[in-house]
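# What the coordinates show
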Amino acid sequence: MERPYLKIDQVSKSFTRGGDVSEVLRDVSLTIHKGEFVSIIGHSGCGKSTLLNMVAGLLPVTTGAILLEDREVNAPGPDRAVVFQNHSLLPWLSVYDNVKLAVDKVFSRTRTRAQRHDWTMHNLELVQMAHAKDKRPAEISGGMKQRVGIARALSMEPKVLLLDEPFGALDALTRAHLQDSVMQIHASLGNTVIMITHDVDEAVLLSDRIVMLTNGPAAHVGEVLDVGLARPRKRLDLVSNPTYIRAREAVLKFLYERHRFVEAA
Amino acid sequence: MSAPALKAQTSPGKAPPVKPAATLLKLPTRTAARQAQALAVLRRIATNVIPPTVTVLALLLIWQILCDKPGATLPSPLAVWKEAHDLIVDPFFVHGSQDVGLGWRVLVSLQRVAIGFGLAAVVGILVGALIGQSDWAMRGLDPVFQVLRTVPPLAWLPISLAAFRDSSPSAIFVIFITSIWPIIINTAVGIRNIPHDYRNVAAVLRLNTFEFFYRIMIPSAAPYIFTGLRIGIGLAWLAIVAAEMLTGGVGIGFFIWDAWNSSRLPDIVVALVYIGLVGFVLDRVVGALGSLATRGTAAS
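Residues numbered from 1 in each chain as written. Chains lettered and ligands numbered in written order. Predicted model: local features only at pLDDT ≥ 70, side-chain atom pairs only at ≥ 80, totals over all residues. Heavy atoms only, no water.

## Topic: the nonpolar core
Counting 147 residues, the largest nonpolar core has Ile194 and Ile210 of chain A as the members making the most contacts within it. If one sorts the elements of this core by residue count, helix H8 (residues 167-192) of chain B sits on top with 12 residues. For Ile194 of chain A, the residues in contact, after removing those within four places along its chain, are Leu6, Ile32, Val38, Ile40, Leu52, Val55, Val160, Leu161, Leu162 and Leu163 of chain A. (Core = buried A, V, L, I, M, F, W, Y, C linked by side-chain atoms within 4.5 Å. Buried < 20%, exposed > 50% of the residue type's maximum accessible area, 1.4 Å probe, protein only. Helix = DSSP H or I, 4+ residues; strand = E, 2+ residues; numbered from the N terminus. Contact = heavy atoms within 4.5 Å.)

Structure (structure tokens):
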């Protein structure tokens, strides 16, 4: 069998606040291969963002380990670039400078100034944002900001690209556009991607596998679904595709039959 | 009957044919528009200039009435105008090393404030950044600063004199210590309010401490820092009289102290106006610098 690229091994996470210990995730194990697109889906509050933040190294694991190419992940780094839900562009820098900051930092030793400029522009072109390179984030739309966020993450040439509900704050049409862009980029670059989402259609459309988390506290992997759809996928063709419908049904059943979201109150 | 007839005869001869008549028709509307525009500008100027002018004149009048009586303790505006005439009309005269115009004195004082405030800005931002980064330091030092910042400038005089044993550094220290507190406190608050997302970005990019400081911290906290600087420059200017009681020489602060000792009250009045105007300008300059420097940071 192929050597695992990213291995999440028996990871648990609990937060301690005052004297209370709340267990968010328990014994989550997951193996992701190079070039795979994996979505993690679950009801809000189940700890999917916590899981992603641990892979990013922004949060420490409580027990267990996360291994990327057999090396333990214990600090954040550009090899696991994150696209944040709220874009997190620096508002005082132009679109170009936001991406350039990442490029300069990651490739300061290995590439010349001209190469870094070209690479910055290349990534902006990849997300079709080269035309707005001199604008400030406040001057562009939400979808455009998210595109720049993706360009910034891609520009670091990460081993794993982490998407934290990247399209959650966007309207449906913009979201569809961006999903298509992400599919194209994934097809041409072959990145390994982990995406957090709560949108069933998005998960089925984009992913090779969908990891479904049970409800918290102490959430764990409830089920893993192989989406057996051939690529390239076309949004319109899939609507009536039986495999698509079956996959969609499986995820919906998991979320709304077996693990209904019980609100706290 | 003859006059209209004459007009009727001459006008066809004078007036050129149809085309120019059209431009003649157009011209009045254009000038009317321009007039309306000019009127609007005038009105805007008037609404901004007339109220303060009226208020100032009224205050001067009240002051004149109150202080015009024989036996009044303070000079009236007219008396000030008469007795301190040279100070008012020529800020830049030089009649000897100690007898110079108030403009020169203000410049000397500004230089002193620039050194004291400049030091306070640098130290204040660095210390504020340090405190903003650490919860423990914030909790430990914030009460100390809150108490120290209420100490008036004059109260620092003996302490600084005892410490430095020289008037010039003591004066700068008084300005420094008066203006540093709001800079520290505002910087610290600004740094504590850096959105967590920016810290995450910095972590993913592995920015080092220095890069984080000038790439993330300073721009993100800039609006708070400039608020602190603006309050600080106001306080620094407030401290100038206290500071120059020590140094002597040609500063505007010392001028007031000196004028009081030789009971030249009208001179003091003129100096007060100078101090007020310069303080106002300083405040606006720092404010303008702030809005220039923080253009992009407000919205995201």
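## Quick word on the pairing of strand E3 (residues 37-41) of chain A
Residues and elements named next belong to chain A. Summarising burial for E3: 5 of the 5 residues are buried, a large majority. Neither face of E3 is exposed, since Phe37, Ser39 and Ile41 on one face and Val38 and Ile40 on the opposite face are all buried. As paired strands, E3 and strand E8 (residues 192-197) are joined by 5 bridges and run parallel to one another. Looking across to E8, one finds that Phe37 is bridged to Val193. With 4 bridges connecting them, E3 and strand E9 (residues 209-213) associate as parallel partners. Counted as the bridge partner of Ser39 is Ile210 from E9. (Pairing = 2+ DSSP bridges.)

## So, the pattern of salt bridges
Residues and elements named next belong to chain A. Taken as a whole, this structure holds 19 salt bridges over all chains when the rule is applied. Close ionic contact of Asp79 with Arg80 constitutes a salt bridge, the shortest N to O distance being 3.3 Å. A relative accessible area of 3% places Arg80 in the buried class. The closest approach of N and O atoms between Asp201 and Arg248, which form a salt bridge, is 2.4 Å. Pair noted here: Asp201 is in helix H6 (residues 200-206) and Arg248 is in helix H8 (residues 242-258), with a separation of 47 residues, a long-range link. Exposure remark for Asp201: the relative accessible area of 31% places this residue in the partly exposed category. Taking relative accessible area as the criterion, Arg248 reaches 30% and is therefore assigned partly exposed. (Salt bridge = Lys/Arg side-chain N within 4 Å of Asp/Glu carboxyl O.)

## Quick look at the interface of chain A and chain B
Listed as interface residues are 22 residues of chain A and, on the opposing side, 20 residues of chain B. Roughly 1900 Å² of surface becomes buried between chain A and chain B when both sides are summed, with 68% attributable to carbon and sulfur atoms. For the pair chain A and chain B, the interface holds 1 salt bridge. One salt bridge connects Glu211 of chain B with Lys105 of chain A, and the closest N-O pair in it is separated by 2.8 Å. At the boundary of chain A with chain B, the tally comes to 5 residue pairs in polar contact (both at pLDDT 80 or more). (Buried area = accessible area lost by both parts, 1.4 Å probe. Polar contact = N/O pair within 3.5 Å; in protein donor to acceptor, adjacent residues only side chain to side chain.)

## Some remarks on the environment of Pro60 of chain A
Residue and element names in this part refer to chain A. Counting through the fold element by element, Pro60 comes out in the loop between helix H1 (48-56) and strand E4 (63-68). On the accessibility criterion, Pro60 (55% relative accessible area) is exposed. Sequence spacing of Pro60 and Asn241 is 181 residues, and the spatial spacing of their C-alpha atoms is 41 Å.

Keep in mind these numbers describe shape, not what the thing actually does.
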